[in-house]
Amino acid sequence: MRYRCSVCGQEYPLETRQWQCECGGLFEFESGIQFSDEVVQRGVPTLWRYRALLPVHEDRNVVSLGEGFTPLVRSEIYGHEVWFKSEFLGPTGSFKDRGATVLISVLKELGISTVVEDSSGNAAASIAAYCARAGIHARIFVPAHASPAKLAQIAIYGAELVPIEGPRENSAVAAQEAARDAYYASHNYNPLFVEGTKTFAYEIWEQLGCAPDNVVLPVGNGSLFMGAYIGFKDLAEAGLIDNMPRLFGVQAKACAPIYEAFVRGDEDARPVESGKTAAEGIHIARPVRGRVVLRAVGQTDGKMLAVDEAEIRSSQSDLAQQGLFVEPTSAVAVAALQRLAAVLEPGQMTVVGLTGSGLKSD
Ligand SMILES: [Zn+2]
């Protein structure tokens, strides 16, 4: 098990404190493990049913709060038959728990005692919760203007909150400075986070008994989107599914760097001057994983889409009318279904990820 640079191919051991390659390239993770049906522990009602496929050696290092194996709820909306994957039911209220449980378990195994992270919301709350569970000190750099409910959640887990003035990017810069003396448990840079989110795809395959035709997800930095891509790719390589689902990534129009790159036909996203959006979880003007997200969209014959604020709010409300209360960030994916009328065919299976709870959003 090791990291490999996605740009120059240089390899790094799992123990490295570097969070990106010396050339500036993103790390990819090579587990050397192939998916197989036989290793799934079907009696375990969490994502740790895929324990044999996750990069933790000893059971005592598994840091779990019962995450994963979220319900797949069949529904009809905007003329489509869809399955909602209820990721907002995670222990801290978002899909980020998939990434945090795996990342923090590996860090516990490596004997890490202090981590730094930057996030304005769900990722920080999740890292803070799993660090509390693992006995690891977490120092979280947050924008000073972040949502009070999310800040309160991060703080109650005992994480040290460091408010940073200015745009979201300033918190990342501050965390990266602090990473000289502590492990940078970044949900954006560390590929172990995506090792956790790939279980999203495994579960859908188990729950449906096949791969869906389409998967629609909100995209900020793409940590769930890339997990879905890698997970379905694992299943395809193991011969368990015939076709990759088409992956549709959705952004808020006010901040849509990956969508704009898709429309231009570019290989990577350029940073944008963003406007205001209620979808704070994907308010990422400078996405780290733009290139790999665009590649995954292309390889699955998918699309990037963008929706406006009125569509986001009305979809959040329409979903709540079905008993599902999610944050505006998650409603973005539901809103996109209206724009996919001519793309999704009747009789196809479409899964939409409901990524975060409405209880802690504005
Ligand atoms: Zn490199």
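Treat the numbers as computed from the prediction; the structure is a model and nothing was measured. (Residues numbered from 1 in each chain as written. Predicted model: local features only at pLDDT ≥ 70, side-chain atom pairs only at ≥ 80, totals over all residues. Heavy atoms only, no water.)

Caption draft 1: Examining the coordination of the zinc ion more closely. At 2.3 Å from the zinc ion lie its protein donor atoms, namely Cys-5 (SG), Cys-8 (SG), Cys-21 (SG) and Cys-23 (SG). Written as a sequence motif, the donor arrangement for the zinc ion is C-x2-C-x12-C-x1-C. Of this pair, Cys-5 sits in strand S1 (residues 2-5) while Cys-21 is found in the loop between strand S2 (11-13) and strand S3 (27-30), placing the two residues 16 residues apart along the sequence. No difference in accessibility class separates Cys-5 from Cys-21, as the two residues are buried. (Donors = N, O, S within 2.8 Å, 3.2 Å for Na, K, Ca; no water. Helix = DSSP H or I, 4+ residues; strand = E, 2+ residues; numbered from the N terminus. Buried < 20%, exposed > 50% of the residue type's maximum accessible area, 1.4 Å probe, protein only.)

Caption draft 2: Quick look at the environment of Ala-128. The residue Ala-128 is located in helix H2 (residues 122-134) in this model. You can call Ala-128 buried: its relative accessible area is 2%. Each C-alpha atom of the pair Ala-128 and Ser-315 lies 30 Å from the other, and the pair is 187 residues apart in sequence. In this view, Ala-128 contacts Ile-154, Tyr-157 and Ala-159; residues no more than four positions away in its chain are not counted. (Contact = heavy atoms within 4.5 Å.)

Caption draft 3: Main features of unusual backbone geometry. Although it is not a glycine, Phe-69 adopts a positive phi angle of roughly 50°. Within the secondary structure, Phe-69 is located in the loop between S3 and strand S4 (72-77). Located in the positive-phi region is Asp-301, a residue other than glycine, with phi close to 55°.

Caption draft 4: Representation of the side chain of Arg-49 in the model. Secondary-structure assignment places Arg-49 in the loop between S3 and S4. Taking relative accessible area as the criterion, Arg-49 reaches 5% and is therefore assigned buried. Setting aside its immediate chain neighbours within four residues, Arg-49 contacts Val-39, Val-40, Gln-41, Arg-42, Val-44, Phe-69 and Glu-206.

Caption draft 5: Main features of the sheet that holds strand S11 (residues 246-252). Read from one edge of the open sheet, six strands run S4-S5-S13-S10-S11-S12, paired in mixed fashion. Edge positions in the sheet fall to S4 and strand S12 (303-307), since each of these pairs with one other strand and no more. Each strand axis lies, on average, 30° off the axis of its neighbour in the sheet, ignoring direction. The sheet contact formed by S4 and strand S5 (residues 80-86) spans six bridges and is antiparallel. Paired with Ile-77 across the strands is His-80, a residue of S5. (Pairing = 2+ DSSP bridges. Axes fitted to C-alpha atoms, helices over the stretch in contact; angles between N-to-C directions.)

Caption draft 6: How the structure looks around the environment of Val-343. Mapped onto the secondary structure, Val-343 falls in the loop between helix H11 (328-336) and strand S13 (350-354). Considering only alpha carbons, one finds Val-343 and Gln-176, 167 residues apart in sequence, at a separation of 41 Å. Beyond its immediate stretch of four places on either side in the chain, Val-343 contacts Arg-246, Phe-248, Lys-303 and Gln-348.

Caption draft 7: Examining the pairing of S11 more closely. Of all seven residues in S11, six are buried; the element is thus mostly enclosed. Strand direction decides the pairing type here: strand S10 (residues 214-218) and S11, joined by five bridges, are parallel. By the bridge assignment for S11, Asn-214 is matched with Arg-246. Handedness of the crossover is the feature at issue here: the chain leaves S10, passes through helix H7 (residues 223-237), returns alongside S11, and the resulting connection is right-handed. Pairing between S11 and S12: five bridges, direction parallel. By the bridge assignment, Ala-252 is partnered in S12 with Val-307. (Right-handed = clockwise from strand over helix to strand, strands pointing away.)

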